[in-house]
Amino acid sequence: MFLVNIGVPVAFAASTGHGNTALLGGIAALTLSFADTDKGLPARLLLLAGAAASMAVCGAAGYLLEGKPFIFWPVFIAIAFGVGMSARGGRELLMAVRYGAVAFTAAAGLPIFDFFDAELLAATVALIALSRIADHLIFGPLPRSAAGPQPQRPSSHLGWVRFALAYAAAAGASLWIGLTLDPTRAVWVVTTTLIVMQADARSSYQRIVERILGTFAGVLVAWGFASAISQKWALLAVAVIAAPFIPHHVGQRYWLHTALIALFILLMYGYAEPSISTLDALLGERLKDMLLGCAVAVAGTAIAFPRTAEASTGDDGGDT
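Residues numbered from 1 in each chain as written. Predicted model: local features only at pLDDT ≥ 70, side-chain atom pairs only at ≥ 80, totals over all residues. Heavy atoms only, no water.

For the rest of this paragraph, the subject is the packing of aromatic side chains. Per the counting criterion, the structure on display carries nine aromatic pairs. Note on Phe 72 and Trp 73: the rings are 5.5 Å apart at their centroids and 85° apart in plane angle, and the pair reads as edge-to-face. Accessibility expressed as a relative area gives 5% for Phe 72, which makes it buried. Residue Trp 73 is classed as partly exposed on the basis of its relative accessible area of 25%. Taking the centre distance of 6.2 Å and the plane angle of 80° together, the rings of Trp 160 and Phe 163 count as edge-to-face. Of this pair, Trp 160 and Phe 163 both sit in helix α7 (residues 157-181), separated by three residues, roughly a single helical turn. Summarising the burial analysis for this pair, Trp 160 and Phe 163 share the class buried. For Arg 207, the ring lying beneath its charged end belongs to Tyr 254, and the centroid distance is 4.4 Å. (Phe/Tyr/Trp six-rings, centres within 6.5 Å; stacked < 30°, edge-to-face > 60°. Buried < 20%, exposed > 50% of the residue type's maximum accessible area, 1.4 Å probe, protein only. Helix = DSSP H or I, 4+ residues; strand = E, 2+ residues; numbered from the N terminus. Lys NZ or Arg CZ within 6 Å of the ring centre and 35° of its normal.)

Residues Leu 130, Ile 133, Leu 137, Ile 138 and Phe 139 make up a contiguous nonpolar surface patch of roughly 590 Å² in combined accessible area. Position of Ile 133 among the secondary structure elements: in helix α6 (residues 115-139). Classification of Ile 133 as partly exposed rests on a relative accessible area of 32%. (Patch = residues over 30% accessible without salt bridge, like charges linked within 9 Å, V, L, I, M, F, W, Y side chains within 5 Å. Areas by Shrake-Rupley, 256 points an atom, 1.4 Å probe, with all protein chains shown as cover. Salt bridge = Lys/Arg side-chain N within 4 Å of Asp/Glu carboxyl O.)

Counted residue by residue, helix α8 (residues 186-196) has eleven buried out of eleven residues, so it is predominantly covered. Along α8, the residues classified as buried are Ala 186, Val 187, Trp 188, Val 189, Val 190, Thr 191, Thr 192, Thr 193, Leu 194, Ile 195 and Val 196.

Take the packing of helix α3 (residues 41-65) against helix α4 (residues 69-86) next. When two helices pack together, their arrangement is given by the angle between the helix axes and the distance between those axes. In contact at an axis separation of 9 Å, α3 and α4 are set at 155° when each is read in the N-to-C sense. Here α3 lies roughly antiparallel to α4, going by the angle between them. Both α3 and α4 take part in a crossing whose hand is left-handed. Contact residues: Cys 58, Gly 62 and Leu 65 in α3; Ile 71, Phe 72, Val 75 and Ile 79 in α4. (Axes fitted to C-alpha atoms, helices over the stretch in contact; angles between N-to-C directions. Parallel < 35°, antiparallel > 145°, perpendicular 65-115°, else oblique. Left-handed = near helix turned anticlockwise from the far one by under 90°. Contact = heavy atoms within 4.5 Å.)

Turning our attention to the confidence of the model for the protein chain. With 91% of its residues at a pLDDT of 70 or more, the protein chain shows a mean pLDDT of 88. Of all the helices and strands in the protein chain, strand β2 (residues 312-313) carries the lowest mean pLDDT, 38, while α4 carries the highest, 96. Across residues 309-318 the pLDDT falls below 50, and counting only partners more than four positions away or on other chains, this stretch makes 37 contacts in the model. (pLDDT = per-residue confidence, 0-100.)

This is the structure:
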């Protein structure tokens with residue numbers, strides 16, 4: 001399903017000569033492919049619709065409010081606070097709200113967004129819905145994926161509020177850093193913070209370490225492919241081939257999951273860039289963005305959990 005959901009929009013956009021749209025469609029398809037559940041077809045389609053709607057609404061808000069700081073920042077902080085509190089409601093709710101926060105950040109850094117981009121994104125959502133219907137009819141319910149150790153969650157409402165406030169502050173700091181460095185890179189700093197910071201100190205620190213290791217591995221492999229391949233279409237082909245391997249490692253080998261995502265995205269950027277040689281600079285920037293996002297997440301986690309006494313178990317909402 002990942003191969004179909006990602007490969008079709010990427011190949012279509014590339015065939016029309018829209019490299020940046022292929023990049024946008026590939027990342028959107030990758031994100032929405034994770035918005036899935038083992039609770040039956042209606043629940044799978046509802047989660048997809050909720051995640052897509054969250055991304056559309058928040059993305060539109062980020063695009064329209066960019067350049068209006070007195071509205072932009074309160075709206076983003078409110079969304080980020082909502083992400084922190086939504087972790088209390090389970091994996092599906094957290095996914096939908098967090099994807100909205102990522103879309104808000106990504107859209108704020110977009111130089112331009114045209115109707116072809118919108119049409120491709122809408123078609124991608126429809127394709128994912130159709131692939132899930134076909135998958136359910138042929139194979140039945142989606143099997144439960146392997147999960148890692150259960151995290152420790154705040155045991156009180158006050159603990160959740162403290163976590164959500166720290167989460168929002170960390171996300172806001174990441175966005176400010178990203179926009180200060182380069183608006184088009186802000187999404188990578190913020191996304192790192194949004195994903196690795198969990199409602200459990202132990203899980204957060206583990207995610208941070210594994211994300212650093214995985215991103216370095218992904219960047220190294222992407223650099224190797226970029227050095228060995230001179231044709232941009234070949235980079236695109238390798239990126240699409242990597243796509244179906246991404247979901248297999250999210251529960252048990254998060255570092256490898258992160259490495260494959262980094263490989264896919266960087267190769268897509270290599271295809272979209274005017275020249276493959278510009279990918280070298282992008283690889284270094286990606287590492288810096290990830291390290292900045294992780295550093296902010298460390299600070300946010302330390303503020304959210306000054307003590308490790310709280311220890312009621314539960315689902316942290318998963319990762320994307």
